[in-house]
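Listed below are the residues making up each chain.
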Amino acid sequence: MFRYFEIQSGGDLIRCKLYCNSEIRRVVVFGHGFAGHKDNGSAEKFAHTLLTKYKDAALMTFNWPCHGDDVKKKIVLEDCGTYLAAVTDYIKTRLHVENIYAYATSFGGYLFLKYISDHGNPFRKMALRCPAVNMYDVLTKNIMKPDEYEKIQKGKPTLVGFDRKIQITRQFLSDLQEADIRQVSFLAFADDLLILHGTEDEIVPYAASRQFAENNVIAFVPVEGADHRFIDARKMAAATKTVLEFFEL
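For the structure given in this document, a descriptive report is provided here. None of these values were measured; they are calculated from a predicted model. (Residues numbered from 1 in each chain as written. Predicted model: local features only at pLDDT ≥ 70, side-chain atom pairs only at ≥ 80, totals over all residues. Heavy atoms only, no water.)

**Side note on the layout of surface pockets**
Rule in force here: Site definitions follow a grid-based scheme: protein atoms alone, a 1 Å grid, a 1.4 Å probe that fits but cannot get out for cavities, and for pockets an open set with protein on both sides within 12 Å along at least five of seven lines, plus lining residues having an atom within 4 Å of a point. Grid points are joined across faces, edges and corners, and a volume is the space filled by probe spheres set on the points. Runs of H or I in DSSP of at least four residues are treated as helices and runs of E of at least two as strands, each being numbered from the N terminus. Residue type decides the class: Asp, Glu, Lys and Arg count as charged, Ala, Val, Leu, Ile, Met, Phe, Trp, Tyr, Cys and Pro as nonpolar, and the leftover types, Gly among them, as polar.
In this model, the largest pocket occupies a volume close to 620 Å³. In terms of lining, the largest pocket is formed by 26 residues, of which the most central are F34, G36, N40, H228 and R229. Contributing elements (two or more residues each) for the lining of the largest pocket: α1 (41–53), α4 (135–143) and α8 (233–247). Across the lining of the largest pocket, the residue classes break down as 11 nonpolar, nine polar and six charged.

**A short note on the sheet that holds strand β5 (residues 99–105)**
Worth spelling out the cut-off: For two strands to be treated as a pair, DSSP must find no fewer than two bridges joining them. Lines are fitted to the C-alpha atoms to define the axes, a helix being fitted only along its stretch in contact, and any angle between axes, read from their N-to-C directions, falls within 0 to 180 degrees. Contacts are assigned to residue pairs with any non-hydrogen atoms lying within 4.5 Å of each other.
The eight strands are arranged β1-β2-β4-β3-β5-β6-β9-β10 in an open sheet whose pairing can be described as mixed. Unpaired on one side and paired on the other, β1 (2–9) and β10 (219–223) mark the two borders of the sheet. Geometrically, the sheet is characterised by an average inter-axis angle of 20 degrees between neighbouring strands, direction not taken into account. Where strand β2 (residues 12–20) meets strand β4 (residues 57–62), five bridges bridge the pair, whose relative direction is antiparallel. Bridging across to β4, C16 finds its partner in F62. Relative to β5, helix α3 (residues 107–119) is tilted by about 135 degrees, and along the sheet it contacts β3 (26–31), β5, β6 (126–129) and β9 (193–198). Across the sheet, helix α7 (residues 206–215) is in contact with β9 and β10; its angle to β9 comes to roughly 160 degrees.

**Description of helix α6 (residues 170–178)**
Keep this limit in mind: Between buried and exposed lies partly exposed: a residue is buried under 20% and exposed over 50% of the maximum accessible area for its type, with that area taken using a 1.4 Å probe on protein chains only. Working definition: the arc comes from the directions between the helix axis and the C-beta atoms, pointing outward to the latter.
By the burial criterion, the buried members of α6 are F172, L173 and L176. Along the long axis of α6, the arc covered by the buried residues comes to 100 degrees, so they all point the same way. Seen from the open side of α6, the exposed residues pointing more than 90 degrees away from its buried face are Q171 and E178. Buried residues belonging to α6 abut α2 (77–93), α3, α4, α5 (146–153) and β8 (165–168).

**Quick word on the packing of aromatic side chains**
Rules: Only rings of Phe, Tyr and Trp enter the pairing, Trp through its six-membered ring, and a pair is recorded when the two centres are within 6.5 Å. The plane angle decides the type: under 30 degrees is stacked, over 60 is edge-to-face, the rest tilted.
Per the stated rule, a full pass over the model turns up 15 aromatic pairs. Here F30 and Y103 contribute two aromatic rings whose centre-to-centre distance is 5.5 Å and whose plane-to-plane angle is 90 degrees, an arrangement assigned as edge-to-face. One end of the pair, F30, is in strand β3; the other, Y103, is in strand β5, and 73 residues separate them in sequence. Residues F30 and Y103 agree in their burial class; the two are buried. Pairing W64 with F112 gives two aromatic rings, centres 6.0 Å apart and planes at 90 degrees, and the pair type is edge-to-face. Taken as a pair, W64 in the loop between β4 and α2 and F112 in helix α3 lie far apart in primary sequence, 48 residues in all. For the pair shown, W64 and F112 are each scored as buried. Joined through ring pairs, the aromatic side chains of F62, W64, F112 and F123 make up one cluster.

**Digging into the pattern of salt bridges**
Pairing between side chains of opposite charge can happen when their charged atoms approach one another. So the rule is basically this: Between Lys or Arg on one side and Asp or Glu on the other, a salt bridge is scored when a side-chain nitrogen of the former is within 4 Å of a carboxyl oxygen of the latter.
By the definition in use, this model includes 15 salt bridges. For K17, the salt bridge identified is with D39, shortest N-O distance 2.8 Å. Taken together, the residues K17 in strand β2 and D39 in the loop between β3 and α1 connect sequence positions 22 residues apart. The class for K17 is buried, based on a relative accessible area of 4%. A salt bridge links D137 to R182; the nearest nitrogen and oxygen atoms lie 3.8 Å apart. Highlighted residues: D137 in helix α4 and R182 in the loop between α6 and β9, separated in sequence by 45 residues.

What follows is the structure, encoded as structure tokens:
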């Protein structure tokens, strides 16, 4: 049902995971959140539903720089876009698939939005669950501890995260602050975007996501009672159903 492989591109080594049946005619690229990895549990659940319903579909996950078993030690915001570009290029040139969709959560949602703003949208449809549209604030106020933030501001790279931790530098924070996607118009992409957000999200403020969607006329689906990770299986199943309906596969 799945296989691991690596993409070598411009000196980078991107570790990936592909869920598929025998034939692939359309691919969903999944972007995990901060301190996550390619073996993301929600990606696996989504892939199971996707492949059961659509025999010619596939789901591809990959590690962001410095995440999971990625070989990089220092996270650089620009590298995240480079990884995503290499993944979409691999799907087109190696898998020979043009029908590419995107599903991302949290930090992954932020990175996907930044990517299409910088490079245009290579995806037919993009669904975002609890996207960290205010990623700088999310990282510095809701993920970091005060002492971690202080160390970084003093120029000391510091490990930040949950079960897994990422080494964060002052330069990375500065780049995040400068790359505030809330200041960018996504009206040109709005018809192909969908945002779902749990009303009880404890990491990414629900209000920030809703305001971003309203400002850009993006379809927005509130999920009552859902937390950041959609731990409630029924709410996750409902989100999966909504995303697949939006993709119109």
